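# Summary of the model geometry
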Amino acid sequence: MAGSFALNTGASIPSVGLGTWQIKPEVVGDTIYAAVKAGYRHIDCAPAYSNETEVGLALKKLFEDGVAKREELFITSKLWSGNHAPEDVPEAIDTTLKDLQLDYLDLFLIHGPIRIRKGTTHIPENLIPTDIPATWGAMEKLYDSGKARAIGVSNFTCKKMEDLLAVARVPPAVNQVECHLIWQQAKLRELCQSRGVHLSAHSPLGEASVLSNPVVISVAEKLQKTPAQVALRWSLQMGQSVLPKSTNEARIKENFDIFDWSIPKDLMAELSGIKQERLLKAEFAVHPLSIYKTLEDLWDGEI
Ligand SMILES: NC(=O)c1ccc[n+]([C@@H]2O[C@H](COP(=O)([O-])OP(=O)(O)OC[C@H]3O[C@@H](n4cnc5c(N)ncnc54)[C@H](OP(=O)(O)O)[C@@H]3O)[C@@H](O)[C@H]2O)c1
C-alpha cells in the first residue's frame, strides 16, 4: 500500500512523487502516464522545468482515459524567482494552472529564497533582494482563494524557515529541500517536525550520486533491494516524502516498490553515518551583486 504524510492543512501528501525537472517536453507526457499507471499519485512540477504544458496534456489524457481522477492526484508547482513581486504572484499561478489544465494546485511553493528581475534569467546582473514576507502575503491570498490548497517554500534553511514562521499568518505546509543519504538535513528535519512543517525531499537520489555510495550498496545487498530503493525507503522512514525523477519505466516502478518492507534499526544507524555533503549548492545565486555574497550566506552556514 502506498503511503502518505499529513500536512498542517489537514490534507495528506502522497509519500512518493514523480520529479519532472530535466525531463524533455517530448518525453514528460509518456513518463507521467507510466508513473500514474504504476500507482504514483503525486507529481512535482515547476514552470522553470519548461514542460508544464506537456504535463497538462498528460494529466488531461489520464483523466479522460479514467486512469485517475483529479481528486486522486496531488499536483505541486512552484513560483519562479522572477515572479516574487506580490502583484505578479496571482498571474504566475494562473499561468501554471492554465498550462497544467487544472483549476487548483494541491501545493504551491516559493521555488527558492532567490529573486531575479521579472522576465529575466538567472545571471548575476538580474539578482535582486528578496522580500519573502511580501511574497508570502500574496501566497497566503492564493491559499485563501482555494487556487492553492496548500502553500509552502523550497530550499529554505532553518534560519529562513524561522524568519518566515515568525511573520506567516498561514504557516508553510511544506519545505521542499535537497535531502538524501549524502545530505540528510538532520537539523532542518528536526525544526520542521517541531513546527508542523512537512519536509519533502527533492533530488532524493542525489541526482544518482547516492547510488554509488559503498554504505548504501552494502545495505541494499543485505536487504536484497536496489540502492535507489534503500535511498527512498530511508526518506520515508525519516518522515519525509520523496520526489525521484526517472524517465525509465522499469526504474519508475522500482522507485515505487518501497512500501511493504523496511530498513531495520541497525542498518538505519549505518546509513546515518554516511559522510555528509550538500550537492546542489546553487552557486549561481552567489555573487558580489547578490544579497548572497558567499555560499555561507545563501545556506546560512548549512553547507
Ligand atoms: N525545488 C527545487 O529547487 C528542486 C531542485 C532539484 C530537484 N527538484 C525536484 O526533485 C526531483 C528529483 O530530483 P533530481 O531530478 O535532481 O534527481 P534524483 O531524483 O535524485 O535523481 C535522478 C537521476 O537518477 C536516475 N535514477 C532514477 N531512478 C533510478 C534508479 N532506480 N536507479 C538508477 N538510477 C535512477 C535518473 O535517471 P533516469 O531518468 O535515466 O532513470 C536521474 O539521472 C526533480 O525532478 C524535481 O521535481 C526540485
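Residues numbered from 1 in each chain as written. Predicted model: local features only at pLDDT ≥ 70, side-chain atom pairs only at ≥ 80, totals over all residues. Heavy atoms only, no water.

The protein chain carries the name NADP-dependent oxidoreductase domain-containing protein in an unreviewed UniProt entry, which gives Triticum aestivum as its organism. What UniProt records for the protein chain under Sequence similarities (unreviewed entry) is the sentence "Belongs to the aldo/keto reductase family." (UniProt positions renumbered as here; feature names shortened; annotations may be inferred.)

With that settled, the discussion passes to the pairing of strand β6 (residues 107–110). Residues Leu107 and Leu109 point to one face of β6 and Phe108 and Ile110 to the other, with burial holding for every one of them. Here four bridges tie strand β5 (residues 74–79) to β6, and the two strands are oriented parallel to one another. By the bridge assignment for β6, leucine 79 is matched with isoleucine 110. Handedness of the β-α-β unit built from β5, helix α3 (residues 89–100) and β6 comes out right-handed. In this sheet, strand β9 (residues 151–154) lies alongside β6 in parallel orientation, the contact comprising three bridges. When the bridges of β9 are listed, leucine 109 appears paired with glycine 152. (Buried < 20%, exposed > 50% of the residue type's maximum accessible area, 1.4 Å probe, protein only. Helix = DSSP H or I, 4+ residues; strand = E, 2+ residues; numbered from the N terminus. Pairing = 2+ DSSP bridges. Right-handed = clockwise from strand over helix to strand, strands pointing away.)

Those residues carrying the UniProt feature "active site" (unreviewed entry) are Tyr49 in this numbering. Checked against the element boundaries, tyrosine 49 lands in the loop between β4 (42–44) and α2 (52–64). What makes tyrosine 49 buried here is its relative accessible area of 14%. Every residue in contact with tyrosine 49, bar those within four places of it in the chain, is listed here: Thr20, Trp21, Asp44, Lys78 and His111. (Contact = heavy atoms within 4.5 Å.)

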